[in-house]
Amino acid sequence: MALRAAVLHHIRVPVQTLRLRINPCAPSGSIRLMSSHDDHLTKEEVVDRVVSVIKSFPKVDPSRVTPEVHFQKDLGLDSLDNVEIVMALEEEFKLEIPDKEADKIDSCNLAIEYIHNHPLAS
């Protein structure tokens with residue numbers, strides 16, 4: 001989506017560097033990063049947070065937002081608004097949604113399904 005790329009091109013986001021501490025007791029000073037996906041978000045958590053993000057969008061009447069709402073058909077939003085909502089969802093869940101996938105997210109339900117199935121959503 002060219003519009004999304006243009007918007008992202010003009011937005012500057014501060015980048016934080018990650019400082020790793022090397023364990024001197026580890027063999028050959030190797031770094032071991034561990035991850036556990038046991039704390040993956042439940043569907044209910046995703047639904048609540050997605051609905052909350054959409055309700056907080058300035059052009060949206062919060063009383064019309066449900067987990068089944070379509071951004072353009074039900075809320076009257078345009079494609080730029082759609083891009084902004086997807087960007088807000090990326091920020092809320094600390095993930096990056098590829099452009100091809102972002103173009104498909106045009107409803108609350110699709111956003112919920114995508115985020116709930118994303119392994120890095122937090």
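In the block above lies the structure referred to throughout.
For clarity, every value in this text was computed on a predicted model and none was experimentally measured.

## What to know about the packing of helix 2 (residues 43-55) against helix 5 (residues 108-117)
Turning to step 1, where the next piece is worked out: For the pair helix 2 and helix 5, the least separation of the axes is 9 Å and the interaxial angle reads 135°. Classified by the interaxial angle, the pair formed by helix 2 and helix 5 is oblique. Both helix 2 and helix 5 take part in a crossing whose hand is right-handed. Along its contact with helix 2, which presents Lys43, Val46, Val47, Val50, Val51 and Ile54, the element helix 5 presents Cys108, Ala111, Ile112, Glu113, Ile115 and His116.
Turning to step 2, where the next piece is worked out: Grouping the constituent residues of the contact of helix 2 with helix 5 by class yields nine nonpolar, one polar and two charged.

## Let's talk about the side chain of glutamate 90
Turning to step 1, where the next piece is worked out: Looking at the element boundaries, glutamate 90 is found in helix 3 (residues 79-93).
Turning to step 2, where the next piece is worked out: Glutamate 90 gets classed as buried once you look at its relative accessible area, which sits at 10%.
Turning to step 3, where the next piece is worked out: A polar atom in the side chain of glutamate 90 sits 2.7 Å from the backbone nitrogen of isoleucine 97.

Scoring rules and cut-offs
Residues numbered from 1 in each chain as written. Predicted model: local features only at pLDDT ≥ 70, side-chain atom pairs only at ≥ 80, totals over all residues. Heavy atoms only, no water. Axes fitted to C-alpha atoms, helices over the stretch in contact; angles between N-to-C directions. Helix = DSSP H or I, 4+ residues; strand = E, 2+ residues; numbered from the N terminus. Parallel < 35°, antiparallel > 145°, perpendicular 65-115°, else oblique. Left-handed = near helix turned anticlockwise from the far one by under 90°. Contact = heavy atoms within 4.5 Å. Nonpolar A, V, L, I, M, F, W, Y, C, P; charged D, E, K, R; others polar. Buried < 20%, exposed > 50% of the residue type's maximum accessible area, 1.4 Å probe, protein only. Polar contact = N/O pair within 3.5 Å; in protein donor to acceptor, adjacent residues only side chain to side chain.

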